[in-house]
Every structure is written in structure tokens, then in C-alpha cells.
Amino acid sequence: MTRPAKRPRILVADDDPALLEAVQGYLESEGYEVGAAVDGNRALDMGGSGIFDLMVLDVHMPLYGGAEVLQMLRKRLLAHPIKVIALTADARWAVREQMQRDGVDAFLVKPVSLAQLGREVTRLLAIELPPKVNPQRV
């Protein structure tokens with residue numbers, strides 16, 4: 001008997017309650033287990049637990065901003081790295097560059113379609129399979 005595959009766990013961190021609810025609802029409807037954080041401090045606590053596979057992280061939040069959360073998580077989670085999608089209304093190139101230097105895996109600008117977010121989540125959570133070996137014909 002095979003065990004069911006583990007559902008990926010995603011943490012959504014955003015201080016906008018409407019956006020947080022929309023993203024959480026969408027991801028849950030897609031079959032993910034989703035946690036929610038309303039500020040950078042909570043995002044750091046929850047994200048640092050090591051139980052999440054991916055984080056959707058608002059760049060500008062109270063207490064700790066997304067860049068600060070990302071920097072601290074990258075240091076804490078060496079044994080269990082987490083994939084991070086930065087989500088922000090701040091489209092300045094300097095913000096994107098800073099987040100990339102801090103190790104973000106994807107960068108999306110608000111307003112973002114849920115379908116676009118879904119594609120990034122799918123891409124980042126994809127399991128890398130070893131290349132197929134072509135059997136020799138005999």
C-alpha cells in the first residue's frame with residue numbers, strides 16, 4: 001500500500017487582509033496547506049519553523065520587511081531551505097535587485113493575477129526528477 005503524497009505547505013505573509021485572504025483561499029483551493037502571517041515578525045516565526053516548503057512574502061510589512069525576513073530565514077534554514085516568492089506593489093528595480101541579492105526565488109508585482117501566482121508556485125515546487133536514461137535496443 002502506498003502512502004499519499006504530502007501536500008506542500010505554503011506560508012503567505014502580507015499585511016493587507018483582503019490580499020492575504022484571497023491568496024490563502026486560492027492556494028487552498030489548489031490543494032496546498034496554507035498558513036498566514038499578517039506582519040514580518042509573525043512571518044519570521046512561522047517561516048523559521050522549517051515546516052513550510054514555500055513562502056509568498058510581501059516586501060513591505062510592519063515590524064520586519066520582506067528583505068529582513070528573507071535574510072534571516074536564509075541564515076536560519078540552511079538544512080531546510082524554503083522557496084520564496086516576493087510579492088509587492090513596489091515595482092522599483094532597486095527593490096527587485098535587493099530581493100534577488102537576498103535570495104528570493106521569484107518576484108511578482110501587485111496587482112498580480114492568482115493564475116500567475118499559481119504558475120510560479122507550481123514552478124518552484126516542482127520536483128526535479130533525474131534525467132531519463134534511454135535504454136539501449138538489443
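Below: a short report on this structure. If you're wondering where the values come from, they're calculated on a predicted model, not measured in any experiment. (Residues numbered from 1 in each chain as written. Predicted model: local features only at pLDDT ≥ 70, side-chain atom pairs only at ≥ 80, totals over all residues. Heavy atoms only, no water.)

1. Regarding the nonpolar core
And step 1. Within the largest apolar cluster, 22 residues are counted, with the highest numbers of intra-cluster contacts made by M55, L57, V84 and M99.
And step 2. When residues in this core are grouped by element, the largest group, 4 residues, is from helix α3 (residues 66–76).
And step 3. Not counting the four nearest positions on each side in its chain, M55 is found in contact with L11, A43, G47, V69, L73, I82, K83, V84 and I85. (Core = buried A, V, L, I, M, F, W, Y, C linked by side-chain atoms within 4.5 Å. Buried < 20%, exposed > 50% of the residue type's maximum accessible area, 1.4 Å probe, protein only. Helix = DSSP H or I, 4+ residues; strand = E, 2+ residues; numbered from the N terminus. Contact = heavy atoms within 4.5 Å.)

2. Some words on the pairing of strand β5 (residues 106–109)
And step 1. Sheet topology places strand β4 (residues 83–88) next to β5; 4 bridges connect them, and they run parallel. By the bridge assignment for β5, T88 is matched with V109.
And step 2. Regarding topology, helix α4 (residues 93–101) serves as the crossover connection from β4 to the parallel β5, and that connection is right-handed. (Pairing = 2+ DSSP bridges. Right-handed = clockwise from strand over helix to strand, strands pointing away.)

3. Some words on the sheet that holds β4
And step 1. With respect to topology, 5 strands assemble into an open sheet ordered β2-β1-β3-β4-β5, the strand pairing being parallel. The strands lining the two open edges of the sheet, one partner per strand, are β2 (33–37) and β5. Pairs of neighbouring strands in the sheet enclose a mean axial angle of 20°, with direction left out of account.
And step 2. Across the face of the sheet, α3 comes into contact with β3 (54–58) and β4 while running at roughly 150° to β3. (Axes fitted to C-alpha atoms, helices over the stretch in contact; angles between N-to-C directions.)

4. A look at unusual backbone geometry
And step 1. The step from K110 to P111 runs through a cis peptide bond, and the omega angle for that step is -5°.
And step 2. The residue P111 is located in the loop between β5 and α5 (114–125) in this model.
And step 3. Within the chain, L63 stands out as a residue other than glycine whose phi angle is a positive 75°.
And step 4. As for its placement among the helices and strands, L63 is situated in the loop between β3 and α3.

5. A word on the packing of helix α2 (residues 40–47) against α3
And step 1. In the contact formed by α2 and α3, the axes pass within 10 Å of each other and the chain directions differ by 15°. When the axis of α2 is compared with that of α3, the two are roughly parallel. Our pair here, α2 against α3, has a crossing hand that is right-handed. Each of G40, A43, L44 and G47 in α2 lies in contact with α3, whose residues at this interface are V69, M72, L73 and R76.
And step 2. Looking at the contact of α2 with α3, its residues break down into 5 nonpolar, 2 polar and 1 charged. (Parallel < 35°, antiparallel > 145°, perpendicular 65-115°, else oblique. Left-handed = near helix turned anticlockwise from the far one by under 90°. Nonpolar A, V, L, I, M, F, W, Y, C, P; charged D, E, K, R; others polar.)

6. Observations concerning α3
And step 1. Those residues of α3 lying buried are G66, A67, V69, L70 and L73. Considered in projection along α3, the buried side chains sweep an arc of 160° and stay on one side of the axis. Within α3, the exposed residues directed more than 90 degrees away from the buried face are K75 and R76.
And step 2. Packed against the buried residues of α3 are α2, β3, β4 and α4. (Arc of directions from axis to C-beta.)

7. Examining the side chain of D90
And step 1. With respect to the element layout, D90 can be found in the loop between β4 and α4.
And step 2. In terms of polar contacts, D90 uses its side chain to reach the side chain of R92, at 2.7 Å.
And step 3. Residues within four places of D90 in sequence aside, it is in contact with H60, V95 and F107. (Polar contact = N/O pair within 3.5 Å; in protein donor to acceptor, adjacent residues only side chain to side chain.)

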